[in-house]
Amino acid sequence: MKAREIHLASRPSGWPEPDNFRLVEVPVPALEPGQVLVRNEVMSVDPYMRGRMNDVKSYVPPFQLDAPLDGAAVGEVIASESPDRAVGDVVVHNSGWRDLAVLPAARTRVLDTKAAPATAYLGPLGGPGLTAYVGLVEIAPMKEGETVFVSGAAGAVGSLAGQIAKLRGAARVVGSAGSPSKVEYVRGLGFDAAFDYHDSPVRERLREAAPDGIDVYFDNVGGEHLEAAISALHTHGRVALCGAIAQYNATEPTPAPRNLALAIGKQLTLRGFIVTSYGHLAPAFYAEMAQWLREGRIRYDETIVDGLENAPDAFLGLLRGTNLGKMLVRV
Ligand code: NDP
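Residues numbered from 1 in each chain as written. Predicted model: local features only at pLDDT ≥ 70, side-chain atom pairs only at ≥ 80, totals over all residues. Heavy atoms only, no water.

J.: Before we move on, can you summarise the site of the ligand with the specific residues and values?
T.: Within the structure, the ligand sits among 25 residues, and Lys182, Tyr197, Tyr248, Val275 and Asn323 are positioned closest to it. Here an oxygen atom of the ligand and a backbone polar atom of asparagine 220 are 2.9 Å apart. In isolation the ligand offers 900 Å² of accessible surface; the protein chains occlude 89% of this area. Mapped onto the shell around the ligand, the elements with two or more residues apiece are helix H3 (156-167) and helix H9 (311-320). Looking at the shell around the ligand, its residues break down into 16 nonpolar, eight polar and one charged. Taken domain by domain, the shell around the ligand gets at least three of its residues from each of domain 1 (2-123 + 301-330) and domain 2 (127-276). (Near = heavy atom within 4 Å. Polar contact = N/O pair within 3.5 Å; in protein donor to acceptor, adjacent residues only side chain to side chain. Areas by Shrake-Rupley, 256 points an atom, 1.4 Å probe, with all protein chains shown as cover. Helix = DSSP H or I, 4+ residues; strand = E, 2+ residues; numbered from the N terminus. Nonpolar A, V, L, I, M, F, W, Y, C, P; charged D, E, K, R; others polar. Domains from an automatic or database assignment.)

Structure follows, in structure tokens:
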């Protein structure tokens, strides 16, 4: 049996190109005791994967050249040498970017696909949902009645962060996104105001959308967005530094935020986080999110690209913003 995998063929400098990736056919090895063979159905592409394409030390090791990329995926167990997994189990795991994955059963989690569709475990019930929750509940703890600003508001994490803020009692939630149709979408999610960050300086648009200032900023973007938020934050305001996608492909250091010194007088808290360090909050998160989903109080959308061979295009599209909600690849 052969598996198809996407390998990293070369390391991008600046924006990745299709020829940084290669589709490779490899034989599927025989299963060892404790392993399972999973037929991947859907895989996730995520912004953090851009950082892993650089050969630098970080919180996750870099992808290796001429080896498959990896990342979250859901699929069906089609062979098992583990007493803990049965053929037919639908599991989530981290061996994406391939159609067939051999891995230890212990690195898979069986999904309850009656409770939610399998893809929800890559979105609201997966990394993006937990990231949004951790950022708002733990990192930049939001209180009822506060004003919250979320960038990347039409994306997987941002769309959930804004909705969670409303559900937890924010008085006003403002979002930014990269096109008029995304702005409409964000308003439709229940954000009180939204703007297209291409229209004019973010600082001006944020001032219009939140004339009385903000208490919490959920930062997915960095750069000019972060600078605008620092200006708009009240004394004792909080920032969850979740991502800085505006600079993931930069080849030069980005100048903004140029107003960081304001954080002193305003006594701001700017706190970075990596969601995988907050697994202890997962049980509380799952309980709350599952309830919201059951009650239809959280909306989530997916942009699905068909075919493993198109996974690099899906990833490049994600960096350019062609996704609404979670970007996924149907393997
Ligand atoms: P998204 O679904 O939000 O997709 C990425 C989006 O980024 C695009 O759709 C695009 O939307 C936007 N974007 C791209 N370039 C720019 C730019 N220059 N300025 C503003 N927006 C831009 O991805 P995720 O929800 O998966 O991730 C959102 C952020 O959260 C990322 O920064 C990611 O790295 C971070 N993250 C952090 C985690 C953590 O543990 N700290 C865990 C998971 C994600 P648009 O069209 O609106 O520009």
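J.: For the packing of aromatic side chains, give the residues involved together with the corresponding values.
T.: Here the structure, examined in full by the defined rule, presents eight aromatic pairs. Seen in terms of ring centroids, phenylalanine 21 and phenylalanine 315 are 6.3 Å apart; in terms of plane orientation they differ by 70°. Their pairing is edge-to-face. Of this pair, phenylalanine 21 sits in strand E2 (residues 21-27) while phenylalanine 315 sits in helix H9, and the two are 294 residues apart along the sequence. Three or more aromatic residues joined by ring pairs make a cluster, and in this case those are Phe21, Trp97 and Phe315. (Phe/Tyr/Trp six-rings, centres within 6.5 Å; stacked < 30°, edge-to-face > 60°.)

J.: How would you explain the side chain of lysine 266 if you had to name every residue and give the values?
T.: One can find lysine 266 in the loop between helix H7 (262-265) and strand E13 (269-272). Although buried, lysine 266 forms no salt bridge, and the nearest oppositely charged side chain, aspartate 215, lies 10 Å from it. Engagement of the side chain of lysine 266 in a polar contact is seen with the backbone oxygen of leucine 233, the distance being 2.6 Å. With residues up to four places along the chain from it excluded, the contact list for lysine 266 reads Ile230, Ser231, Ala232, Leu233, His234, Thr235 and His236. (Buried < 20%, exposed > 50% of the residue type's maximum accessible area, 1.4 Å probe, protein only. Lys, Arg positive; Asp, Glu negative; His and termini not counted. Salt bridge = Lys/Arg side-chain N within 4 Å of Asp/Glu carboxyl O. Contact = heavy atoms within 4.5 Å.)

J.: Describe the pattern of salt bridges, and please don't skip the residues or the numbers.
T.: Counted under the stated rule, the structure contains 17 salt bridges. As a salt-bridge pair, glutamate 146 and arginine 238 come within 2.8 Å of each other at their nearest N and O atoms. Taken together, the residues span a long stretch of sequence, with glutamate 146 in the loop between helix H2 (127-139) and strand E8 (147-150) and arginine 238 in strand E12 (residues 233-241) at a distance of 92 residues. A relative accessible area of 8% means that glutamate 146 is categorised as buried. The class of arginine 238 is buried, set by a relative accessible area of 10%. One salt bridge in this structure joins arginine 297 and glutamate 295, with 3.3 Å as the shortest N-O distance.

J.: Can you tell me about the packing of helix H5 (residues 202-209) against helix H6 (residues 223-232), naming the residues and giving the values?
T.: Between H5 and H6, whose axes approach to 8 Å, the crossing angle comes to 45°. Judged on the interaxial angle alone, H6 and H5 are oblique. For the element pair H5 and H6, the recorded crossing hand is right-handed. Residues Val202, Arg203 and Leu206 of H5 form the contact with H6, whose own contacting residues are Glu224, His225, Glu227, Ala228, Ala229, Ser231 and Ala232. (Axes fitted to C-alpha atoms, helices over the stretch in contact; angles between N-to-C directions. Parallel < 35°, antiparallel > 145°, perpendicular 65-115°, else oblique. Left-handed = near helix turned anticlockwise from the far one by under 90°.)

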